[in-house]
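Listed below, chain by chain, are the residues.
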Amino acid sequence: MTDATTPATADSPRAASARLDDSDAPWPLRPWIMAALCAVAGLLFHLLIDHQYPERLAAWRSALATAVAVATIVFVLGVEQRRWHWALGFAALWGVIMGLIAWQTAGYNLRGTPVEWPFWSGMLAVLVATPLFQTRRDVAPDWRFWKLWQMPYARLHSHAWADAVLGAASLAFVGVTFLLTALIGQMFKLIGINLIFDLLNDEWFGWMLAGAAFGGAVGVLRERDRLVATLQRLVMIVLAVLAPVLAAALLLFLLSLVGTGLGGLWSSGFSTAALMLAAAAFAVLLANAVIGNGGDEGSANRMMRGAAALLALAVLPLAAIAAASMQVRIGQYGWTPERIWGAIAVGIALAYGIAGLWAVALARWRFDELLRPLQQRLAIALMLLALSLALPLFDFGAISTRDQLARLESGAVKAEQFDWAAMAFDFGPEGRAALAALAKSSDKARADAAQAALGATNRYDLDGPRGLVPVAPIEERLRILPEGRALPDGARERIADSYMCSRSAQCVAVVIDEGRIAVLGQSDPGGAIQSDFVTRNDSGRWVVGQADRQPEAARKDVDLSTATISVETVAQRRVMVDGVAETEGF
């Protein structure tokens, strides 16, 4: 980016908008446009995700909500008046991609959510792609994007850090906005005006307020990106101060391992691979804070540059330790989708570690001049890799299913130690298909466990001593009282999914009235009885627990200081089991 050499005067257009790049004209309406756009997006997001719990949100609604959120954020962060239609197309493209990813992910696992590993991989691709797009928009002579590696590193580096600082500052502004709005609401509530207080309790208003605050903050800061650039440099300076601390700690840690060996890492109780990868990520971050984007931005302090070189060298051994930890874990427990994602993260860390070693070995003290273009190529490769992994091109659940079944068949793991919950809830359609096949096995222990996993409504049903015992259909376990009484529509499904009956050997439903049913469940004869009510709420849905009580109406004609007070005896009903009360009075 280029700095203006002529200071802005009070009458100049530049006075209204302190832009860092001279090719970006002032856009005074940007904060208002961005705030309105994000407020509307917030309302749409709420309308799409608003549903009754514990019912599952439809996959198409998850997809549309994701598309709206991603497209709006990408557009707001990346748009300029110059080539604004590029930003619109870029944001729409990523919105569609992330929406499709959310759709596929939400329907992959039983009772799954769109926020799974592929979703986060797609978000990583978006975060990396956005500064690449911004840089290409600034320097490209036309719309062709396939020569990304020829972009100026300084501008790419500046966009990446500016987006991070601007996004963090805007999120902080959202928090301040909510605090201020809550304060104002409480002030007006003191004088009997509850409008703002009540609005804050409505989810639609909260999403609109968050969107407006975020969009407005991004708009204001973009129009003053000279200030953002100064804040960015300040953040980098502060982070660079930490580089020698981390470099010294990593050096001592790696030298200590020469004497202690790796055995202590495997028995520490922590995820060694995750810890090493986190340390490697911080090493890359702090090394880049020191070297900057070249020119005057990088630190000239020899101690700082030495620390940055040491951090670049430390990434490879940290990644190697993480790889060894992953290998041990996989050898013990086999492949799962999480471990496959972990192995990919280790591979990425190894790539960055090799790049750091290569740069320091060849360029030595001027390693940063070689490291920058290598990191630019790695960023492009990371974006493409993250996107390809987020798309349904590879089925990690199927890979994990085949590996876990092979371990079961070989006797490496016994039926009672097998992760049946993962097969049912983490491995997707292939995992459940494998369970259906195992349910027909001649091995009774395997067949019973597979049937129990297929019948479970959530993974926690498989915990405990009866977790792997098949549960009969609810029709065979449910006793309805009074005898011959039919359950209202929708009540049976809610009772079957309730904590009282989902895994109980016997279940009793006592119909109190058309909107209230007392439900009791018992895991085994002689065991503890779990009881609660299933009630119909105001929207007509059956929920576990007593229906919400309406607030008491005001009684303006009553004065407790002079009112007549008496005690009245009333009759109540309770559900009794062999003469012992199992519910409170009602």
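Our subject is the structure that appears above.
Residues numbered from 1 in each chain as written. Predicted model: local features only at pLDDT ≥ 70, side-chain atom pairs only at ≥ 80, totals over all residues. Heavy atoms only, no water.

> Give a detailed account of the overall build of the protein chain, specifying residues and quantitative values.
Tallying secondary structure elements over the protein chain gives 19 helices and seven strands in all. Looking at the protein chain as a whole, 43% of its 586 residues are labelled buried. In the protein chain, 66% of the contacts between residues at least 6 apart in sequence involve partners at least 24 apart. Counting only carbon and sulfur atoms, one obtains 64% of the accessible surface of the protein chain, whose full area is about 31,400 Å². (Helix = DSSP H or I, 4+ residues; strand = E, 2+ residues; numbered from the N terminus. Buried < 20%, exposed > 50% of the residue type's maximum accessible area, 1.4 Å probe, protein only. Contact = heavy atoms within 4.5 Å. Areas by Shrake-Rupley, 256 points an atom, 1.4 Å probe, with all protein chains shown as cover.)

> Quick rundown of the packing of aromatic side chains? Include the residues and the values.
The full count for this structure, using the stated rule, is eight aromatic pairs. The interplanar angle of 10 degrees and the centroid separation of 4.3 Å between the aromatic rings of phenylalanine 90 and phenylalanine 133 together place this pair among those described as stacked. In this pair, phenylalanine 90 sits in helix 3 (residues 84-106) while phenylalanine 133 sits in helix 4 (residues 117-139), placing the two residues 43 residues apart along the sequence. On the numbers, 6.3 Å between centres and 20 degrees between planes, the contact of tryptophan 117 with tryptophan 341 is stacked. With a gap of 224 residues between them, tryptophan 117 in helix 4 and tryptophan 341 in helix 12 (residues 337-363) connect regions that are remote in the sequence. (Phe/Tyr/Trp six-rings, centres within 6.5 Å; stacked < 30°, edge-to-face > 60°.)

> Quick one: what's the story with the pattern of salt bridges, residue by residue and with numbers?
The final tally for this structure, using the stated rule, is 14 salt bridges. Between aspartate 368 and arginine 372 there is a salt bridge, with the nearest N and O atoms lying 2.9 Å from each other. In this pair, aspartate 368 and arginine 372 both sit in helix 13 (residues 367-390), four residues apart, roughly one turn of the helix. No difference in accessibility class separates aspartate 368 from arginine 372, as the two residues are buried. A salt bridge links aspartate 443 to arginine 446, with the shortest nitrogen-to-oxygen separation between them at 3.8 Å. Among the ionic contacts, a cluster of salt bridges with common partners joins Arg82, Arg137, Asp138 and Arg155. (Salt bridge = Lys/Arg side-chain N within 4 Å of Asp/Glu carboxyl O.)

> Can you break down the environment of arginine 329 residue by residue, with the values?
Tracing the sequence through the fold places arginine 329 in helix 11 (residues 302-333). Ignoring any residue separated from it by four or fewer positions in sequence, one finds arginine 329 in contact with Gly334 and Arg339.

> Give a detailed account of the environment of glutamine 327, specifying residues and quantitative values.
Locating glutamine 327 in the fold gives a position in helix 11. With relative accessibility at 61%, the residue glutamine 327 sits in the exposed group.

> Explain the environment of isoleucine 348 residue by residue, including any values.
Within the fold, isoleucine 348 resides in helix 12. As a C-alpha pair, isoleucine 348 and leucine 277 span 71 residues in sequence and 9.7 Å in three-dimensional space. When neighbours within four sequence positions are excluded, isoleucine 348 is seen to be in contact with Leu382 and Leu385.

> With reference to specific residues and values, describe unusual backbone geometry.
Going from leucine 481 to proline 482, the amide bond is cis rather than trans, its omega being -5 degrees. Along the chain, the position of proline 482 falls in the loop between strand 1 (478-481) and helix 19 (491-497). If you check the backbone angles, arginine 83 has positive phi at about 60 degrees while not being a glycine. Following the sequence through the fold, arginine 83 ends up in the loop between helix 2 (59-78) and helix 3. Taking the relative accessible area as the measure of exposure, arginine 83 reaches 22% and is therefore partly exposed. Backbone geometry at arginine 364 places phi at a positive 50 degrees, although glycine is not the residue there. With respect to the secondary-structure elements, arginine 364 resides in the loop between helix 12 and helix 13.

> Quick one: what's the story with the pairing of strand 4 (residues 529-536), residue by residue and with numbers?
Put simply, side chains in a regular strand alternate between the two faces of the sheet. Summarising the sheet, strand 3 (residues 516-522) and strand 4 pair through seven bridges and their orientation is antiparallel. Bridge assignment links glutamine 522 to a residue of strand 4, and that residue is isoleucine 529. Connecting strand 3 to the next strand, strand 4, in antiparallel fashion are six residues, including glycine 526 with a positive phi near 90 degrees. Examined bridge by bridge, strand 4 and strand 5 (residues 542-544) share three bridges and lie antiparallel to one another. Counterpart to valine 534 in the pairing with strand 5 is valine 544. Linking two consecutive strands that pair antiparallel, namely strand 4 and strand 5, is a turn of five residues; a positive phi of about 90 degrees is found at glycine 540 within it. (Pairing = 2+ DSSP bridges.)

> So what about the sheet that holds strand 4? Which residues, and what values?
If you walk across this open sheet you meet the five strands as 1-2-3-4-5, and the pairing is mixed. Edge strands, defined here as strands with exactly one partner in the open sheet, are strand 1 and strand 5. The sheet shows a mean angle of 25 degrees between the axes of neighbouring strands, taken without regard to direction. (Axes fitted to C-alpha atoms, helices over the stretch in contact; angles between N-to-C directions.)

> An account of the nonpolar core is requested, with residue identities and associated values reported.
Trp94, Leu132, Leu250, Leu311 and Phe367 are the most contacted members of the largest nonpolar core, which has 80 residues in total. In terms of residue count, the dominant contributor to this core is helix 11 (13 residues). Ignoring any residue separated from it by four or fewer positions in sequence, one finds leucine 132 in contact with Met151, Leu156, Ile380 and Met383. The next biggest cluster of nonpolar side chains, apart from the first, holds 21 residues, and it includes Trp420, Ala422, Ala449 and Ala450. (Core = buried A, V, L, I, M, F, W, Y, C linked by side-chain atoms within 4.5 Å.)

> I'd like a description of helix 17 (residues 444-455), backed by residues and values.
Two residues of an α-helix separated by three or four positions point the same way, owing to the 3.6 residues in each turn. With 12 residues, helix 17 should cover 16 Å at 1.5 Å per step; its first-to-last C-alpha distance of 16 Å lies within 8% of that length. The set of residues buried in helix 17 consists of Arg446, Ala447, Asp448, Ala449, Ala450, Ala452 and Ala453. Contacts made by the buried residues of helix 17 are with helix 14 (396-410), helix 15 (420-425) and helix 16 (428-438). The N-cap residue of helix 17 is aspartate 443: its side-chain oxygen and the backbone nitrogen of alanine 445 are 3.1 Å apart. (Expected span 1.5 Å × (residues − 1). Polar contact = N/O pair within 3.5 Å; in protein donor to acceptor, adjacent residues only side chain to side chain.)

> Could you give an account of a nonpolar patch on the surface, naming the residues involved and the relevant values?
A cluster of nonpolar side chains, Leu180, Leu183, Ile184, Met187, Phe188, Leu190, Ile191, Ile193 and Leu195, forms an exposed patch at the surface whose accessible area comes to about 920 Å². Here the nonpolar patch gets six residues from one element, more than from any other, and that element is helix 5 (residues 153-190). Position of isoleucine 193 among the secondary structure elements: in the loop between helix 5 and helix 6 (195-200). (Patch = residues over 30% accessible without salt bridge, like charges linked within 9 Å, V, L, I, M, F, W, Y side chains within 5 Å.)

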